[in-house]
Amino acid sequence: MAIRRSPRARRMRLTVDAHGNAVVVLPRRASMAQARAFVLEQSAWLERHASRGVAAGEAMQEQVQPDAQGRPTRIMLRGEWTDVVWGRHGAWRLPERGGASHLEQRLREQARADAQQVIDRQLPLLARPPTSLTIRDQSTRWGSLSGRGTLSLSWRLVMAPPSVLAYVVNHELAHLRHPNHSPAFWAEVERLMPGHAIHRHWLRRQGDELRRLLPSA
């Protein structure tokens, strides 16, 4: 179990990720003794959710229909299951002897291209553009915006419906004007993407599925 301190946390919080890994988030002044007592109190909840995450991950992996080398032959792309053909040197550029890392790299490239299209489309609505775009495999966040204007996104968003990726991009673009989650910030998100709430809810309900595909090494 991992422990993380957060200067913004007001209370202790326990989370379980898509793979059943638990993280305890502690306020700055919380002691380790308090953390241990908190985890003990939540042990039944923790066991139930961790087991559920592992079982869901195993079920999701069956959906990728691995070949004899254990490589995925199906992947979620833009909200649809898509066949993966190893040895194809066309749009996907997947080498015959390649592996999951090659597939992830291709998905990262596609995520960057899709996100950049959203940014370019929104430029007329922005007071200033982001300074750069970074694609990562963020374990807890789908996106973030640094104080210098660097927009970072999880490559896994390319597996979601395009409108969901667009919501996360617009969410971070709204932080260019409001570096918080105030009512004014959410009004800016709505201005940039009217009806964004449905896509936000999709990510809350189904986002863990994207993290169960192609687990990080």
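Anything mentioned here points back to the structure above.
Let us look at the structure shown here. (Residues numbered from 1 in each chain as written. Predicted model: local features only at pLDDT ≥ 70, side-chain atom pairs only at ≥ 80, totals over all residues. Heavy atoms only, no water.)

**What to know about the sheet that holds strand β7 (residues 143-145)**
Read across the open sheet, the three strands follow the order β6-β8-β7; overall the sheet is mixed. Edge positions in the sheet fall to β6 (132-136) and β7, since each of these pairs with one other strand and no more. This sheet shows a mean twist of 15 degrees between the axes of neighbouring strands, independent of strand direction. With five bridges joining them, β6 and strand β8 (residues 150-154) adopt parallel strand pairing. Each bridged residue has a counterpart across the sheet, and for S132 the counterpart in β8 is T150. With respect to the sheet, helix α4 (residues 162-174) is in contact with β7 and β8, its orientation differing from that of β8 by roughly 155 degrees. (Pairing = 2+ DSSP bridges. Helix = DSSP H or I, 4+ residues; strand = E, 2+ residues; numbered from the N terminus. Axes fitted to C-alpha atoms, helices over the stretch in contact; angles between N-to-C directions. Contact = heavy atoms within 4.5 Å.)

**Observations concerning a positive patch on the surface**
Taken together, the side chains of R4, R11, R13 and R141 define a basic patch exposed on the protein surface. In this structure, R13 sits in strand β2 (residues 13-16). By relative accessible area, R13 is classed as partly exposed at 35%. (Patch = residues over 30% accessible without salt bridge, like charges linked within 9 Å, V, L, I, M, F, W, Y side chains within 5 Å. Areas by Shrake-Rupley, 256 points an atom, 1.4 Å probe, with all protein chains shown as cover. Salt bridge = Lys/Arg side-chain N within 4 Å of Asp/Glu carboxyl O. Lys, Arg positive; Asp, Glu negative; His and termini not counted. Charge placed at Lys NZ, Arg CZ, Asp CG, Glu CD. Buried < 20%, exposed > 50% of the residue type's maximum accessible area, 1.4 Å probe, protein only.)

**Section: the packing of aromatic side chains**
Counting across every chain of the model gives one aromatic pair. An angle of 75 degrees between the planes, with centres 4.9 Å apart, marks the rings of F185 and W186 as edge-to-face. For F185, a relative accessible area of 0% gives the class buried. Here R211 stacks its cationic end above the ring of W142, 3.9 Å away from the centre of that ring. (Phe/Tyr/Trp six-rings, centres within 6.5 Å; stacked < 30°, edge-to-face > 60°. Lys NZ or Arg CZ within 6 Å of the ring centre and 35° of its normal.)

**Comments concerning the packing of helix α3 (residues 100-122) against α4**
Packing of α3 against α4 brings their axes to within 10 Å, and their N-to-C directions diverge by 55 degrees. On the basis of the axis angle, α3 is oblique to α4. With respect to the hand of their crossing, α3 and α4 are arranged in right-handed fashion. Residue-level contacts link A111, D114, A115, V118, I119 and Q122 of α3 to L165, A166, V169, N170 and L173 of α4. Counted by class, the contact of α3 with α4 contains eight nonpolar, two polar and one charged residues. (Parallel < 35°, antiparallel > 145°, perpendicular 65-115°, else oblique. Left-handed = near helix turned anticlockwise from the far one by under 90°. Nonpolar A, V, L, I, M, F, W, Y, C, P; charged D, E, K, R; others polar.)

**Considerations on the environment of S139**
Mapped onto the elements of the fold, S139 is located in the loop between β6 and β7. It is 8.4 Å that separates the C-alpha atoms of S139 and S154, two residues lying 15 residues apart in sequence.

**Considerations on the pairing of strand β5 (residues 80-83)**
In terms of strand pairing, strand β4 (residues 74-77) meets β5 through four bridges, oriented antiparallel. Paired with M76 across the strands is W81, a residue of β5.

**Observations concerning the pairing of β4**
By the alternation rule, side chains of β4 split into R74 and M76 and I75 and L77, which are all buried. Linkage of β4 to β5, two consecutive antiparallel strands, is achieved through a turn of two residues, within which R78 is found at a positive phi near 55 degrees.

**A look at the nonpolar core**
L103, L107, L153, M159 and V169 are the most contacted members of the largest nonpolar core, which has 43 residues in total. Within the residue set of this core, elements represented by two or more residues are β4, α3, β6, β8, α4, α5 (183-192) and α6 (197-212). Per-element tally for this core: the top contributor is α4, with eight residues. The residues contacting V169, other than those within four sequence positions of it, are A115, V118, I119, L151 and L153. Residues V24, L26, A35 and V39 belong to the second largest nonpolar core, which totals six residues. (Core = buried A, V, L, I, M, F, W, Y, C linked by side-chain atoms within 4.5 Å.)

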